[in-house]
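Descriptive analysis of the structure
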Amino acid sequence: ALLEGHFGSLSRAWEADSMELAGAGLDRGTVRHIANQRPKIDPDRELEALRTAGVKAVTWHDSEYPSRLGEIYDKPPVLYVKGDLPPDDARPVAVVGTRRATAYGREVAHQLSSELARAGVTIVSGLARGIDGIAHRAALEAEQQTVAVLGSGVDVIYPREHTSLAERIANNGAVVSEHPLGARPSAQNFPRRNRIISGMTLGTVVIEAPEGS
């Protein structure tokens, strides 16, 4: 947002030299990082890779960008989307929770997600083991859309055992990330991923998450 506001467009910001970037308000370390990384990036090749992978890059200027997400602080400027995001008149609700659910927690997660989905609610979760995976599967079993928000690139499914689940979600909803293709999952990505889950939805159901979660 800072660069776009200063230069008028991101394409102009991409072409700016280090002095111009510093003049836009970037600190010295960020300017140095951009100068080091920019020669390694070919925008045309990146776009072709997205097309080959069947992934859309949705910016906050696009009508497809979720309007609720656009209202949060620190909204992601780009969402990488495999599948189709729900329309703005959909009723999305997040269902999230522990990776180590009890039998009771798993039952509740499935029942709640199934009933919400059958009532026309779009289930949004994080594709993690445990509650997240149960919520996605329940929505799919109800033949309703579901959205998975990742802490990695949409082509890097974590955990790996959810690869087939992610494919089903992409065919019946969307797999979404703010990270580019090839980005590996890392611990710091998941708390930031959660702001997207909550930002896209009308409310959040938390099942058996520990106090520090």
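Look up: the structure comes first, before these words.
Residues numbered from 1 in each chain as written. Predicted model: local features only at pLDDT ≥ 70, side-chain atom pairs only at ≥ 80, totals over all residues. Heavy atoms only, no water.

**A word on the side chain of T201**
Condition: Put simply, DSSP marks the helices as runs of H or I at least four residues long and the strands as runs of E at least two long, and each gets a number from the N terminus on. Under the scheme applied here, a residue whose accessible area is under 20% of the maximum for its type counts as buried, over 50% as exposed, and between as partly exposed, the area being computed with a 1.4 Å probe on protein chains only. Two N or O atoms count as a polar contact when they lie within 3.5 Å, although within protein this holds only if one can serve as hydrogen donor and the other as acceptor, and sequence-adjacent residues are included solely when both atoms are side-chain atoms. Contacts: residue pairs with any heavy atoms within 4.5 Å of one another.
Tracing the backbone through its elements, the reader meets T201 in the loop between α9 (189–200) and β7 (204–207). Accessibility expressed as a relative area gives 9% for T201, which makes it buried. Within the structure, T201 has its side chain in polar contact with the backbone oxygen of S198 (distance 3.2 Å). Apart from the residues lying within four places of it in its own chain, the contact partners of T201 are R68, P92, V93, A94 and V124.

**A short note on the nonpolar core**
We count it as follows: Each nonpolar core is a collection of buried residues, namely Ala, Val, Leu, Ile, Met, Phe, Trp, Tyr and Cys, held together in the definition by side-chain atoms within 4.5 Å.
Within the largest apolar cluster, 16 residues are counted, with the highest numbers of intra-cluster contacts made by L79, V81, V149, V176 and M200. Those elements that place two or more of their residues in this core are β2 (78–83), β3 (91–97), β5 (146–149), β6 (173–177) and α9. If we ignore the near neighbours within four places in the chain, the residues touching V149 are V124, S125, G126, V176, R193, I196, I197 and M200. Listed in part, the 14 residues of the second largest apolar core include V55, Y80, V154 and I169.

**Description of the pattern of salt bridges**
Selection rule: Here, a salt bridge means any Lys or Arg side-chain nitrogen found within 4 Å of an Asp or Glu carboxyl oxygen.
This model, assessed by the stated rule, comprises 7 salt bridges. A salt bridge links D74 to R195; the nearest nitrogen and oxygen atoms lie 3.8 Å apart. Residue D74 is located in the loop between β1 (56–59) and β2, and its partner R195 is located in helix α9; the two are separated by 121 residues in the primary sequence. When its relative accessible area of 34% is taken as the criterion, D74 is described as partly exposed. Its salt-bridge partner being E161, residue R129 comes within 2.6 Å of it at the nearest N-O pair. Placement of R129 in the loop between β4 (121–125) and α7 (131–141) and of E161 in the loop between β5 and α8 (163–171) is noted, with a sequence separation of 32 residues between them. One salt-bridge network, in which partners are shared between bridges, spans D74, E178, R192 and R195.

**Quick word on the sheet that holds β1**
Defined as follows: Only when DSSP finds a minimum of two bridges between them are two strands counted as paired. Angular values range over 0 to 180 degrees, each being the angle between N-to-C directions of two axes fitted as lines to C-alpha atoms, with helices fitted over their stretch in contact.
Reading across from one edge, β1-β2-β6-β5-β4-β3-β7 is the order of the 7 strands in this open sheet, with mixed pairing throughout. Whereas interior strands pair on both sides, the edge strands pair on one side only; in this sheet they are β1 and β7. Between one strand axis and the next, the sheet turns through 25 degrees on average, direction left out of account. When β3 meets β4, the two strands line up parallel, connected through 4 bridges. Paired with V93 across the bridge in β4 is I123. This element, α7, spans β3, β4, β5 and β7 of the sheet and lies at about 145 degrees to β3. α9 rests against β2, β3, β4, β5 and β7 of the sheet, and its axis sits at about 155 degrees to β5.

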